[in-house]
Structures are given as structure tokens and as C-alpha cells.
Amino acid sequence: MSEGSKVSTGGSKKRYAMVVDTRRCIGCMACQVACKAEYDTPLGVNRTWVPYKVVGKYPNVKKQFLPRLCNHCEDPPCVRNCPVEATFVVEDGGFVLQRYERCIGCRSCMAACPYNARFMLPSHRTYTPITNVVDKCTFCFHRVTQNLVPACVQTCIGRSRVFGDLNDPNSEVSYLVAKNATQVLRPEQGTKPHVFYIGADRNTTEIGRDAYRKPEVMELERSAFKRNFKI
Amino acid sequence: MGDYVWFHDVSWHASYAVYFFVIGILAGLSFISYGSWRTPALRPLREKTAYASFVLLGLGGLLLIADLSQPLRFLNILNPAYLNFTSPLAWGALNIVAFGIASVIYIRTLRKGDEQNGKLLALITALLALGLPIYTGFDLAVHQSRPVWNTPIMPVLFVAMAIASGSAVGALLAAGNAEAQKVLREYMLWSAGAVAVMLVSIMGTTNYGGAAEELTFALMTSGTMGLIFVGVGFLAGSVAPAVLLFAPIGRSQGVVMVSALLILVGSAALRYVLLMAPQQVQTLF
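What you are looking at is a predicted structure, and each value in this text was computed from that prediction instead of being measured. (Residues numbered from 1 in each chain as written. Chains lettered and ligands numbered in written order. Predicted model: local features only at pLDDT ≥ 70, side-chain atom pairs only at ≥ 80, totals over all residues.)

### Describing the overall build of chain B
Tallying secondary structure elements over chain B gives nine helices and zero strands in all. Ordered by position from the N terminus, the helices and strands of chain B form the series α-α-α-α-α-α-α-α-α. At 20 Å, chain B has a C-alpha radius of gyration in line with the 19 Å of a compact globule built from 285 residues. The dimensions of chain B, computed from C-alpha atoms along their principal axes, are 70 × 55 × 25 Å. (Helix = DSSP H or I, 4+ residues; strand = E, 2+ residues; numbered from the N terminus. Rg over C-alpha atoms; globule rule 2.2 N^0.38 Å.)

In C-alpha cells form, the structure reads like this:
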């Protein structure tokens, strides 16, 4: 990935952001699949994922989806914490990217990220030689610099995910952020995230209710969840 | 409940806690080696603690490198073109290297019997050793989203644990030497007491924090983690040795040795829980 790739064509810099309209998300997980296909993301790890909670009272129940990805923060703790500057912010566009050849795998960035957006790539992959380093969502930097939208946005059939330049007053994301009540995840962390949610329920943006179970019960479910990812 | 929860992995595993333990002991031993220049009672420990500290540095360094998923790239962290000074890990790497160099020069001076430069080098080595628990504390404290870690007291707690565990190893090395153990008893008593007070303070603020803090508090005080933290780390490893050493029987060598063992087991348990527990709740977000 070239760090020198030009994002803006004019004078002013761009600031890309994503708006996720959770009212439109149907939980088809196509974004997750598109992302996996785009990057050959291995089993057990994801650049984007879609957890859900069942909310309401029977018979009026629904699944509340919350698509998740790297928030490409304005003040990213992962960049601050990396000892070798393996992760950095692209000034023009605001992408938070990773230098795979420099990453030492200390996982400091993973510990620093309040959103769990980072993960360690396994030591064996079928097609891609990048292994044993930390990886994350790139906002599809390689696609955006070619005037394409990220793979997850491209594939979203409900148009729940919208991507664009926040600095452009005529962009759809600017319009959506200006006209709708939006929220970001964990604003108290001071990271200034650039993934905005419309209609996100407080119930889904906080720490999972599973956390309130006994650690022993939690561990049983965790091991069941991880059982199929031992590769 | 019909929820789909993605279980994330913890970032740092237990091997990092072992590294914290080793680095704490070696820092404490360096303090004793310097202390031997000021307190004659510790003189028999001067060489022993300097050598042990250096050996533990090698062990700690290997543990740290082996914990990287790209171990051969550990040199990147010493590359001036790559260093990111906003990361405590970068400062820590420089501190470890500087401590290693100072230790080698100090040991050479000890072997030559150069008393004049020895004291100065012992001071430099001890000051660099002080940086090791401070950096490990900061390493955790800078993560603003983690309960327990993100407290300004964390580097101070790691320094106190380093003094406690280093003095404990010193007391074991000084077996049979009543004079040295008398001094080390004081070190252990006050550092174990300080650790206990800081733990109460940290747990108090954690329990009165937000949802993540309260959940972490519950995790650290119940089940297996609770047994390790409260039972082994706090009660057996901090409060019990402080009480034993403070009591009139605390001056006997047997009690000093038992307290030293308790402190060592306790500080290993504390480092394990302080590292692992605050990562658990985050894995569910």
C-alpha cells in the first residue's frame, strides 16, 4: 500500500467518515463477507463484524444490529502507543493505516484500541503472505484512492453504510451527519471517532450484557465461540 | 438471550505478567546493590544482587522478545528512525538497553574492586533500574479505556512491588545474615504495606467507577480471579507479610524468610491479575 497515494485532487484535505444507519441494517452480514473477500481475512478475525442484540418484549421484539469496524479516530490511541510507528494517520483523508513490514507484534495498539478494531493475523494463511502482525480495517484505502467506496459500503444492500468526505458540504455523509441525530461509540474516550451511527440503541453501544454473567459461565461461552477458530 | 456477541482476544497474555515479575525483582535487587554502598549491613549482598539482577535482565529480555509475534523485529524498537516517543514501550526499550550497559560496566567495576567508581555506577544502575517498574506501570496506565490500568498510581504501585519483591529475593539470598535481614525486613514491611494501601485505593476507585470498572471489580473479587487477587495477592502476599513483619515476632529470621516467600508469591499473583483482569470486560465490547 503506497503511503504517497494522493487522496485529494484539489487544495483542501479530505476527511473521510462512515455513517451507519442502523435503521436500515438488516443483518445480512454481506459487509462482513465482502470485507473478508477483499482482504482474505482469516477465520476467527474480522475487520468488520455485525453483533446484535434482541430488544423489546414478546411479541414486539427485534434484532438491533450494530455494524462495527475501525473508527479511524481523529486522535487514535493505537498510533500514540505503537513504539515503532507501525501505525499512522494519513493526513489527507484521515485513514489510520498499518505498516506490516514494520510491526513487531507487541500488541500495544490492540490494548490501546477502545473498539477492539485490531487483531493479530495468524501464522498461516492460504493466499496472503502477511502473517503474525496486527491488522485492521483500512477504510479500503486502496479502493478510495481509486474513487471507489469501501467494499462493505459497495455491497450493503440496505444502503445502511454510507461513506464520504466530511469536509465536503455536498457529500452524503455531511448531509446525514447534519440532518440526523448521530452518535459515536465510546465518546468518553476522547478519540473523536469517524464512524457515526444513526439510530444506535444505547443498549447495543455499551459493553455486552454477557459481561454481567459469572466469569465461569462467560468462559464456557467464550470457549464454545472460539472452538471453531483454532486453525 | 438471543444476543450475538463477538468474543475478542485479550491483547497481552500471561507471559507478559511473568516479564513484569522478573523486571520487578531485578529492579529491587539493583536498589539493594546500591544500598550496600550506603548501608554496611547489606555489603555481603552487593555482588550477589548485581549478578542476579543482570541474569534476570537476560531472562526478562528473552521473555519480552519471545512474546512478540515477530521476535526478530525486536531491533526495530531500537531503530532511531522508527522510535515513537509517545509510546512508553519505546522509552522502556531504551531504558532496558541503558540498564544492561550500566549493569555490565558496574559488574566489571565490582570485579576489579574499584571502590571509587563503584558507588557512582551503582547509583546510575539503580536509577536506570527505577525506570523499569515506572515504564511498566506507564505501559498499562496510558490505556485510557482500560479500568484499573488507567490510574496515575500504577507506576508507583509497580515501584513498590519491585522494592517488595526485590527485597524478598534479597532476604532469601541473605539467609543466615541477621544484620542484612534486619534492613531488608524494613524494606519489605514498608513496601508490602504501601502495596496493600495502593491496592485498596485502586479497588475503591474501580468499584465506584462506570459499568466497565464495576464489572472489572466484580471479576477481580470473585471466582478464580478473586481467589488469586484477593486471597493470594492482597491478603497472603501483601497484608499478611506486612502484619507478620510488624509484629514482635517479625524480627526473627524464620518470619522474615516466610514473609519473603509470601511477598514473592503474592507479587506474582498481583501482576497476573492486574494484567489479565482489566482486559476481560473489553473483550466483550
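### With respect to the overall build of chain A
In terms of helices and strands, chain A carries eight helices and ten strands. For 231 residues, the compact-globule estimate of 2.2 N^0.38 gives 17 Å, and the C-alpha radius of gyration of chain A, at 18 Å, lies within 12% of that figure. The principal-axis extent of the C-alpha atoms belonging to chain A is close to 55 × 45 × 35 Å. Relative to its full complement of 231 residues, chain A shows a buried share of 41%. Across chain A, the fraction of contacts at a sequence separation of at least 24, relative to all contacts at a separation of at least 6, is 60%. (Buried ≥ 20, exposed ≤ 12 C-beta atoms within 10 Å, placed from the backbone. Contact = placed C-beta atoms within 7 Å.)

### Examining the confidence of the model for chain B
Across chain B, the average pLDDT comes to 94, with 99% of residues at 70 or higher. When the elements of chain B are averaged for pLDDT, helix 7 (residues 211-221) of chain B gives the smallest value, 89, and helix 5 (residues 154-173) of chain B the largest, 97. (pLDDT = per-residue confidence, 0-100.)

### Some details on the environment of isoleucine 105 of chain B
Residue and element names in this part refer to chain B. By secondary structure assignment, the location of isoleucine 105 is in helix 3 (residues 88-112). Taking the number of C-beta atoms within 10 Å as the measure of exposure, isoleucine 105 has 14 and is therefore partly exposed. Each C-alpha atom, one on isoleucine 105 and one on threonine 216, is 44 Å from the other, the two residues being 111 residues apart in sequence.

### Side note on the pairing of strand 10 (residues 195-198) of chain A
Pairing between strand 1 (residues 16-21) of chain A and strand 10 of chain A: four bridges, direction parallel. Looking at strand 10 of chain A, one finds that aspartate 21 of chain A is bridged to isoleucine 198 of chain A. (Pairing = 2+ DSSP bridges.)

### Quick word on the pairing of strand 1 of chain A
With respect to burial, strand 1 of chain A is a largely interior element, six of its six residues being buried. Side chains Tyr16, Met18 and Val20 of chain A project from strand 1 of chain A onto one buried face, and the interleaved Ala17, Val19 and Asp21 of chain A project onto a second face that is buried too.

### Remarks on the interface of chain B and chain A
Between chain B and chain A, the contact holds 38 residues from the first and 42 residues from the second. Secondary-structure elements contributing two or more residues to the side of chain B that touches chain A are helix 3, helix 7 and helix 8 (223-246) of chain B. No other element matches helix 7 of chain B, which puts four residues into the side of chain B that touches chain A. Taken together, the residues that form the side of chain B that touches chain A break down as 22 nonpolar, 14 polar and two charged. (Nonpolar A, V, L, I, M, F, W, Y, C, P; charged D, E, K, R; others polar.)

### Details of the nonpolar core
By size, the foremost hydrophobic cluster in this structure holds 149 residues, and its most contacted members are Leu26, Ala164, Met188 and Val273 of chain B. When near neighbours in sequence (up to four residues on either side) are disregarded, valine 273 of chain B contacts Met220, Met225, Ile228, Phe229 and Gly233 of chain B. (Core = buried A, V, L, I, M, F, W, Y, C linked by C-beta atoms within 7 Å.)

### Structural notes on the environment of leucine 62 of chain B
Among the structural elements, leucine 62 of chain B can be located in helix 2 (residues 46-67). Sequence separation between leucine 62 of chain B and tyrosine 19 of chain B is 43 residues; the distance between their C-alpha atoms is 9.2 Å.

### Observations concerning the sheet that holds strand 8 (residues 161-165) of chain A
All names here are of chain A. Ordered in space as 8-1-10-9, the four strands form an open sheet in which the pairing is mixed. Of all the strands in the sheet, the pair left with one neighbour each is strand 8 and strand 9 (182-183). One ladder, built from two bridges, connects strand 9 with strand 10; its direction is antiparallel. Across the sheet, residue glutamine 183 finds its bridge partner in strand 10, namely tyrosine 197. The strands that helix 6 (residues 172-179) touches are strand 1, strand 8, strand 9 and strand 10; relative to strand 8, the one it contacts most, it runs at about 110 degrees. (Axes fitted to C-alpha atoms, helices over the stretch in contact; angles between N-to-C directions.)

### Examining unusual backbone geometry
Looking along the chain, the bond that leaves tyrosine 58 of chain A and enters proline 59 of chain A is cis, with omega of 10 degrees. By secondary structure assignment, the location of proline 59 of chain A is in the loop between strand 2 (52-57) and strand 3 (60-65). For glutamate 85 of chain A, which is not a glycine, the phi torsion comes out positive at approximately 55 degrees. Take glutamate 85 of chain A: it is sitting in the loop between helix 2 (77-81) and strand 4 (87-89). What makes glutamate 85 of chain A partly exposed here is the crowd of 19 C-beta atoms within 10 Å. Not every positive phi belongs to a glycine, and valine 148 of chain B is a case in point at roughly 70 degrees. With respect to the helices and strands, the residue valine 148 of chain B is situated in the loop between helix 4 (115-141) and helix 5.

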